[in-house]
Amino acid sequence: MPPRQSGTLTEAELRIMNVLWRKGPGTVQQVLDSINLVSSPASSLAYNSVLTTLRVLEKKAYLKHLKDGRAHVYTPLVGQQEATRSEIRHLVSRFFRNSHEELVLNVLEDQGIEPLELARLRQMLDR
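About the thresholds
- Residues numbered from 1 in each chain as written.
- Predicted model: local features only at pLDDT ≥ 70, side-chain atom pairs only at ≥ 80, totals over all residues.
- Heavy atoms only, no water.
- Helix = DSSP H or I, 4+ residues; strand = E, 2+ residues; numbered from the N terminus.
- Rg over C-alpha atoms; globule rule 2.2 N^0.38 Å.
- Buried < 20%, exposed > 50% of the residue type's maximum accessible area, 1.4 Å probe, protein only.
- Contact = heavy atoms within 4.5 Å.
- Areas by Shrake-Rupley, 256 points an atom, 1.4 Å probe, with all protein chains shown as cover.
- Lys, Arg positive; Asp, Glu negative; His and termini not counted.
- Charge placed at Lys NZ, Arg CZ, Asp CG, Glu CD.
- 1 Å grid on protein atoms, 1.4 Å probe; cavity = no way out; pocket = protein on both sides within 12 Å on 5 of 7 lines; lining within 4 Å.
- Points joined across faces, edges and corners; volume = space filled by probe spheres on them.
- Nonpolar A, V, L, I, M, F, W, Y, C, P; charged D, E, K, R; others polar.
- Arc of directions from axis to C-beta.
- Pairing = 2+ DSSP bridges.

J.: Mind showing me how you'd approach the overall build of the protein here?
T.: Summing up its helical and strand segments, the protein has six helices and two strands in all. When its helices and strands are written in sequence order, the protein yields α-α-α-β-β-α-α-α. Taken over the C-alpha trace, the protein has a radius of gyration of 18 Å; the compact-globule value for 127 residues is 14 Å, which it surpasses by more than 25%. Across its three principal directions, the C-alpha atoms of the protein cover 55 × 35 × 30 Å. Counting every position in the protein, which comprises 127 residues, the buried fraction comes to 28%. Across the protein, every contact between residues at least 6 apart in sequence was considered, and the portion connecting residues at least 24 apart equals 46%. On the protein, roughly 9400 Å² of surface is accessible, and the fraction owed to carbon and sulfur atoms is 53%. Side chains of the protein carry 17 positive and 14 negative charges; the gap between the two charge centres is 9 Å.

J.: What exactly am I supposed to notice about the layout of surface pockets here?
T.: In this approach the atoms are scanned with a rolling probe the size of a water molecule, which exposes any empty space left behind. Roughly 260 Å³ of volume is contained in the largest pocket. Per-element accounting of the lining of the largest pocket gives the leading share, seven residues, to helix H6 (residues 115-126). Here the residues of the lining of the largest pocket are counted per class, giving nine nonpolar, no polar and four charged.

J.: Help me understand the environment of Val 31, please; the structure alone is not making it clear to me.
T.: Mapped onto the fold, Val 31 is located in helix H2 (residues 28-38). Here Val 31 falls in the buried class, since its relative accessible area comes to 1%. Expressed as a C-alpha distance, the spacing of Val 31 and Ile 113, which sit 82 residues apart in the sequence, is 35 Å. Once residues within four sequence positions are removed from consideration, Val 31 is found in contact with Ile 16, Val 19, Leu 20, Gly 26 and Val 50.

J.: What am I meant to see in unusual backbone geometry here?
T.: In terms of backbone geometry, most residues other than glycine have negative phi values and most peptide bonds are trans. In this structure, Ala 61 takes a positive phi of about 70° despite not being glycine. Its place among the elements puts Ala 61 in the loop between helix H3 (47-59) and strand S1 (63-68). Judged by relative accessible area, Ala 61 falls into the partly exposed class, the value being 44%.

J.: Explain H2 here, please?
T.: Since the α-helix packs 3.6 residues into each turn, any two residues three or four apart lie on the same face. Taken as a whole, H2 has its buried residues at Val 28, Val 31, Leu 32, Ser 34 and Ile 35. One side of H2 holds all its buried residues, which, seen down the axis, span an arc of 165°.

J.: Would you explain the pairing of strand S2 (residues 71-76) in this entry?
T.: Consecutive side chains of a regular strand alternate in pointing toward one face of the sheet and then the other. As paired elements, S1 and S2 share six bridges and run antiparallel to each other. Bridge pairing links Lys 67 to His 72 in S2. Once S1 ends, the chain turns through two residues before running back antiparallel as S2, passing Gly 69 with a positive phi of about 70°.

Shape is all these values report; function is a separate question.
Set out below in structure tokens:
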């Protein structure tokens, strides 16, 4: 039995979606070139890895493809903001019992939060 596909984005899927959100529609080769341009040689990807991940993203309905001659051009169906919100809902559901308040309290209790960030959060809450 094949492993169940996650409804959220894996790290590899997010790398590919980030390319498509930033650059717009692209072929497998264009996505691969964009990823390998900013990756170290040790973390560069193979063509087949990108193709497989694009197909998984298509099955998850994050993108679609159109034929352009022999090439497939992949286009996002889900915007970055929508995907971000979906991931946050998943996180809140999974770790914070569907409580956004618990998530915010957890973030505020984090020792790494900067005073400037705290001030901005206070301003947002005051609105």
